[in-house]
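# Summary of the model geometry
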Amino acid sequence: MRLTQAQTSKRVRRSPAPDARFAVRLSPTWTAVREARRIVARQLAQHIGEETLDDVLLVVSELVTNAVLHGRGDVDLRMELDRGRITGAVSDEGHGFTPRRRRPDPSRVGGHGLHIVARVADRWGLTAGTTHVWFEIPVRR
């Protein structure tokens, strides 16, 4: 049976698989930050340039540090590279938080993590009522 033009246009087209996708659960220790950076670099270095990888590693470092410092339980990191965009998420087993807006103060030690994420990521946000923070970074060609 041959398909007509109208029939072929109604076929469902599946989007291609992402370039890279992975998830990892980390223990809430200070080595989690180093481990997260190592895994992200190993998984993404072959797909993206050094400048983009540096941005991704900075954001991952900040979010995993926040999860270890302020969160509860294990830390989950999920990453996906798809169509020139990196999407990531870091969450822990806590019950959520309300980010406080602070003025940048170069004399203050700490408290700059989400400000850094906002400056580096193209988009980012929080899932309400959770400790799930997501981000998107475009791949620079």
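Anything mentioned here points back to the structure above.
To start, this report covers the structure provided alongside it. (Residues numbered from 1 in each chain as written. Predicted model: local features only at pLDDT ≥ 70, side-chain atom pairs only at ≥ 80, totals over all residues. Heavy atoms only, no water.)

This paragraph deals with the overall build of the chain. A count of helices and strands for the chain gives 4 helices and 5 strands. In the chain, the order of α-helices and β-strands from amino to carboxyl end is α-β-α-α-β-β-α-β-β. Taken across its 141 residues, the chain has 34% of its residues classed as buried. Long-range contacts, defined here as pairs at least 24 residues apart, represent 61% of the contacts in the chain between residues at least 6 apart. Counting every atom, the chain has about 9600 Å² of accessible surface; 48% of that belongs to carbon and sulfur. (Helix = DSSP H or I, 4+ residues; strand = E, 2+ residues; numbered from the N terminus. Buried < 20%, exposed > 50% of the residue type's maximum accessible area, 1.4 Å probe, protein only. Contact = heavy atoms within 4.5 Å. Areas by Shrake-Rupley, 256 points an atom, 1.4 Å probe, with all protein chains shown as cover.)

Time to look at the sheet that holds strand 5 (residues 133-138). Taken in spatial order, the 5 strands of this open sheet run 1-2-3-5-4, and their pairing is antiparallel. The two strands at the open ends of the sheet, each matched to only one other strand, are strand 1 (20-26) and strand 4 (123-126). Averaged over all pairs of adjacent strands, the angle between strand axes in this sheet comes to 10 degrees, irrespective of strand direction. For strand 1 and strand 2 (residues 75-82), the ladder comprises 7 bridges, and the chain directions are antiparallel. Note that in strand 2 the partner of Arg-21 across the bridge is Glu-80. Contacts from helix 3 (residues 50-70) reach strand 1, strand 2, strand 3 (85-92) and strand 5, with the element oriented near 175 degrees to strand 5. (Pairing = 2+ DSSP bridges. Axes fitted to C-alpha atoms, helices over the stretch in contact; angles between N-to-C directions.)

To continue, consider the packing of helix 3 against helix 4 (residues 113-120). Two elements in contact, helix 3 and helix 4, have axes whose closest approach is 9 Å; the angle formed by their N-to-C orientations is 155 degrees. Judged by the angle between their axes, helix 3 and helix 4 are roughly antiparallel. Helix 3 and helix 4 meet at a crossing whose hand is left-handed. Here Asp-55, Leu-58, Val-59, Glu-62, Leu-63 and Asn-66 of helix 3 come into contact with helix 4, specifically with Gly-113, Leu-114, Ile-116, Val-117 and Val-120. (Parallel < 35°, antiparallel > 145°, perpendicular 65-115°, else oblique. Left-handed = near helix turned anticlockwise from the far one by under 90°.)

With that settled, the discussion passes to the pairing of strand 4. Bridge count between strand 4 and strand 5: 4 bridges; the pairing is antiparallel. Bridged to Trp-124 within strand 5 is Phe-135. The antiparallel hairpin formed by strand 4 and strand 5 contains 6 residues in its connecting segment, where Gly-129 sits at a positive phi of about 75 degrees.

Here the focus is the side chain of Glu-62. Checked against the element boundaries, Glu-62 lands in helix 3. When near neighbours in sequence (up to four residues on either side) are disregarded, Glu-62 contacts Gly-113, Ile-116 and Val-117.

Glancing now at unusual backbone geometry. Here Arg-83, not a glycine, exhibits a phi torsion of approximately 50 degrees, which is positive. Structurally, the position occupied by Arg-83 is in the loop between strand 2 and strand 3.

Quick look at helix 2 (residues 31-44) now. With 14 residues, helix 2 ought to run about 20 Å at 1.5 Å a step, and its terminal C-alpha atoms sit 20 Å apart, in line with that. Among the residues of helix 2, Ala-32, Val-33, Ala-36, Ile-39, Val-40 and Leu-44 are the ones counted as buried. Buried residues of helix 2, seen end-on, are gathered within an arc of 135 degrees and therefore sit on one face of the element. Residues of helix 2 that are buried sit in contact with strand 1, helix 3, strand 2 and strand 3. (Expected span 1.5 Å × (residues − 1). Arc of directions from axis to C-beta.)

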